[in-house]
Every structure is written in C-alpha cells, then in structure tokens.
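These are the residues of each chain, in order.
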Amino acid sequence: MSFTVLIPARLASTRLPRKPLADIGGLPMIVRVARRVADAGAERIVVACDDADIAAACAAHGVEAVLTRADHPSGSDRLAEACTLLGLDGTARIVNVQGDEPLIDPALVRRCADLLDERPDCVMSTAAHAIDSAEDFANRNVVKVVLDAAGRALYFSRAPIPCWRDGAPGALAEPAPLRHVGIYGYRAGFLRRFPALEPAPLERLESLEQLRVLWHGERIAVHVAAHAPGAGVDTPEDLERVRALFA
C-alpha cells in the first residue's frame, strides 16, 4: 500500500539558526532529508514548513512543500494542518520524518509505514533500538521506551527505565533497555484528531508528546531495529560532522 512522508520544518532554531537551509554538500539539509527518504518507496514526500524561504529552497530542487502556519506549538500540529491542506484521506498512511535527519535509514521509514497495516490495534507506529551504553541509559536527553508482550509501547520516559532492582547502579539489564527513535507513523485521520486531544499531565512532566496517545488509551506499535539510525543534526558540531560525511 502507498504512504506519504511528511517532513516538518521550522526555520527558527535556538541552537542552529535557519537549520533547514544549512548547506550539506551543496544542498539544503531539508532537501538532503527528502532525497534520503525517497528510497523508502513513498508515493509522496512533502515538506510541511513555516517559512517561504524553506518552500523556495524545496521548489528549487524539485521537492514538494506546503506552507503551514508559523504559530504551531508542535510538529504534530503542523503535520495535522498539512494533512488537511493536502486533502489526505483519513485512512492514508503518514510517516513523520524529522527535517534534521539527513542520515535516516529509508528502510526504517518503510517499516513504520508497514507496521500500521500489520497492527490495526494501534493508531501509531514508531521505532526503538537497544541501548548499549550506561551513559546513554542515564542521559535525560535519551528517551527510553518499554514494551508489552505484543510489542506495543507501555511507557516512554527520560528516566532510566526499566530499573534493574538487583543490578549495580547504572548497570544495563538483559534484555537491553530500548532507546526511542523519533520517527512516527499515523493514519491521517488520527493525526488530524491528535492536536484536539487534551495534553496529558505526564506529557507535560516528561516533555514527551507521544505520552498523550497512551494517556488517552490508544496504542503505539514499536519496531525494534537491529542498530541505531544515523544521528540527527541539533548543534553546529553535529552539522560539521554530517558535512564531513557528505564531503
């Protein structure tokens, strides 16, 4: 079945100004991301942006873009508007790829789309991989996820979960804890409905938007990847590292 990749892109960035337009090997980063996910087999790849400069950069390189409002509080709100602007049917499959992931694995994008069909009991899909570093396990910027027996998310947290009661402090349990990967699959109908759901207290506490889905009783299917995806670009140092790979 066909699916659409939506790539949210916001011009303002505290740590890396005008990040979507940052040059990587002669192309804007947002174009690099769109070209990377083209290998996933999506029927359509659309950048949902908040600024005409991003839309112009996409047009110059043959990437479809839709201009959304600049005041959206989150990427999910931006994508919900994009679904409406694009006239996507409620059953359409959407995969949300972040606009700062020029190294994203196209196979992971495809897997999130396929998982929506395999798991009709879930309104969303996402991915995770095993954590092999005690430092990452303790890092609040590394989001962890625990699953039920059917591979559905039980909880996402910045805390080191699950806690190994009998292990040494900071030790990794077996099986290994899982790091959440920020890629999401949705049906367009649920994505349009999501911004209207009441934010969850735990969502505010952890600053993790996906907890709203669990708090409202919905389910998220999780694909456990064999390895970590390529790192995203959040800082000038990240940008230089990625530029070196494309040089």
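See the structure printed just above.
Just so it is clear, the structure is predicted and the values come from calculations on it, not from any experiment.

1. With respect to the side chain of Lys19
Inspection of the secondary structure puts Lys19 in the loop between strand E1 (4-9) and strand E2 (23-24). If near-sequence neighbours (up to four positions away) are discounted, Lys19 is found in contact with Leu11, Ser13, Met29, Asp100, Val233 and Asp234.

2. Regarding helix H4 (residues 106-118)
For H4, which comprises 13 residues, the first-to-last C-alpha distance of 19 Å matches the rise-based estimate of 18 Å (1.5 Å per residue) to within 8%. Of all the residues in H4, the buried ones are Pro106, Leu108, Val109, Cys112, Ala113, Leu115 and Leu116. Elements in contact with the buried residues of H4: E1, helix H1 (29-37), strand E6 (93-96), strand E7 (124-130), strand E10 (178-187) and strand E11 (220-225). One side-chain oxygen at the N-terminal end of H4 lies 3.0 Å from the backbone nitrogen of Ala107; it belongs to Asp105.

3. Considerations on the packing of aromatic side chains
Enumeration over the complete set of coordinates arrives at two aromatic pairs. Seen in terms of ring centroids, Tyr184 and Tyr186 are 6.2 Å apart; in terms of plane orientation they differ by 40°. Their pairing is tilted. Residues Phe190 and Phe194 carry aromatic rings whose centres are separated by 6.2 Å and whose planes lie at 55° to one another, so their mutual orientation is tilted. Residue classification places Phe190 among the buried positions, given a relative accessible area of 6%.

So, how was this worked out
Residues numbered from 1 in each chain as written. Predicted model: local features only at pLDDT ≥ 70, side-chain atom pairs only at ≥ 80, totals over all residues. Heavy atoms only, no water. Helix = DSSP H or I, 4+ residues; strand = E, 2+ residues; numbered from the N terminus. Contact = heavy atoms within 4.5 Å. Expected span 1.5 Å × (residues − 1). Buried < 20%, exposed > 50% of the residue type's maximum accessible area, 1.4 Å probe, protein only. Polar contact = N/O pair within 3.5 Å; in protein donor to acceptor, adjacent residues only side chain to side chain. Phe/Tyr/Trp six-rings, centres within 6.5 Å; stacked < 30°, edge-to-face > 60°.

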